[in-house]
Amino acid sequence: MSIYFLSKTAATVALICASSLVGAVSLADLSNKDASSGVKAALEKGASVAVSKLGVENGFLNNEKVKIGLPSVLEKAMPILRMTGQGKKVDELTVSMNHAAESAVALAKPLLLDAVKSMSVTDAKNILTGGDTAVTDFFRQKTATPLNAQFLPVVKKITDKNGLSAQYNAVMGKAGSSGLVSKEETTVEGYVTKRALDGLYMMIAEEEKAIRADPVGSGSAILGKVFGALK
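On a predicted model such as this, the values are computed, not experimentally measured, just so you know.

Brief notes about the overall build of the protein chain
Of regular secondary structure, the protein chain possesses 10 helices and 0 strands. Overall, the protein chain shows an N-to-C arrangement of helices and strands of α-α-α-α-α-α-α-α-α-α. Surface exposure of the protein chain reaches about 12200 Å², of which carbon and sulfur atoms provide 60%.

Below, the structure is given as structure tokens:
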């Protein structure tokens, strides 16, 4: 093997290494603009994916991770309810609770995107380096209260159609004032709204974790660049 060939090979390897190093981006290299753009893209993607998965017919009902079961008090009373011929009403209530959550979540996207618009550069940096669910935590902090207010009447309108819902609310309202049940279980609509929000944030968290685990695989150049810088 000639010295010329060895020199040429070494030069080629050095060039490839240098090109790789130049192309690599560290967290310190990111501009505020890139950091903000990348985090906004992650927020928007997480919100869009979560709403598209849950805010559709059977989005909750057919997803065991977020499917809404009966409040614990009703669950424990199921044998008695079935014996007294109310089993069908209970089953229908379960279905209506999940459909109510789907209808409520379908309305969530505008509020979630408004939260994205309100994000500051400091927020972006904190989200970027804040761990696997920092995007989700940001959304929960910014949107939990307004989404709860938005979801509640939508959920109530649907669950009220089931007669058992009104009966449950009457009994649990008294139990709640005595501290016998948690506040979220004093009404069917309050319980479903809480579970709908939990399901929404859970799906956003799943999407966020996927982006952080494989930024390039997200299919977005800015996500690949910004979240790839954390690797």
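Re unusual backbone geometry
Positive phi is not limited to glycine here, since N58 has a value of about 65°. With respect to the secondary-structure elements, N58 resides in the loop between α2 (32-54) and α3 (72-83). Classification of N58 by relative accessible area gives partly exposed; the value is 25%.

Considering the packing of α2 against helix α6 (residues 121-128)
Between α2 and α6, whose axes approach to 9 Å, the crossing angle comes to 70°. Comparing the axis directions of α2 and α6 gives the class roughly perpendicular. Regarding α2 and α6, the two cross each other, and that crossing is left-handed. Residues N32, A35, S36, V39 and L43 of α2 form the contact with α6, whose own contacting residues are V121, A124, K125, I127 and L128. Grouping the amino acids of the contact of α2 with α6 by side-chain chemistry returns 7 nonpolar, 2 polar and 1 charged.

Concerning the environment of P215
Position of P215 among the secondary structure elements: in the loop between α9 (188-213) and α10 (221-228). Take P215: its relative accessible area is 6%, and that puts it in the buried class. Separated by 11 residues in sequence, P215 and V226 have C-alpha atoms that sit 8.2 Å apart.

Describing the confidence of the model for the protein chain
The predicted model of the protein chain averages 83 in pLDDT, with 85% of residues at 70 or higher. Predicted confidence in the protein chain is weakest over helix α1 (residues 3-23), with a mean pLDDT of 36, and strongest over helix α7 (residues 134-159), with 96. Here residues 1-25 scores under 50 on pLDDT; set against residues more than four positions off or in separate chains, the count is 5 contacts.

Thoughts on the pattern of salt bridges
Oppositely charged side chains may form a pair once their charged atoms are brought near each other. Summed over all chains, the structure comprises 10 salt bridges. Taking the shortest distance from any N to any O, the salt bridge between E184 and K194 comes out at 3.9 Å. Of the two residues, E184 sits in the loop between α8 (163-177) and α9 while K194 sits in helix α9, which places them 10 residues apart along the sequence. Judged by its relative accessible area of 31%, E184 is partly exposed. A salt bridge links D198 to K194; the shortest N-O distance between them is 2.8 Å.

Comments concerning the nonpolar core
Judged by nonpolar contacts, the single largest core of 56 residues is most densely connected at L43, L112, F139, F151, V192 and L200. Ranked by residues supplied to this core, first place goes to α9 with 10 residues. Not counting residues within four places of it along the chain, the set of residues in contact with V192 comprises I68, M97, A100, A101 and V155.

Calculation notes
Residues numbered from 1 in each chain as written. Predicted model: local features only at pLDDT ≥ 70, side-chain atom pairs only at ≥ 80, totals over all residues. Heavy atoms only, no water. Helix = DSSP H or I, 4+ residues; strand = E, 2+ residues; numbered from the N terminus. Areas by Shrake-Rupley, 256 points an atom, 1.4 Å probe, with all protein chains shown as cover. Buried < 20%, exposed > 50% of the residue type's maximum accessible area, 1.4 Å probe, protein only. Axes fitted to C-alpha atoms, helices over the stretch in contact; angles between N-to-C directions. Parallel < 35°, antiparallel > 145°, perpendicular 65-115°, else oblique. Left-handed = near helix turned anticlockwise from the far one by under 90°. Contact = heavy atoms within 4.5 Å. Nonpolar A, V, L, I, M, F, W, Y, C, P; charged D, E, K, R; others polar. pLDDT = per-residue confidence, 0-100. Salt bridge = Lys/Arg side-chain N within 4 Å of Asp/Glu carboxyl O. Core = buried A, V, L, I, M, F, W, Y, C linked by side-chain atoms within 4.5 Å.

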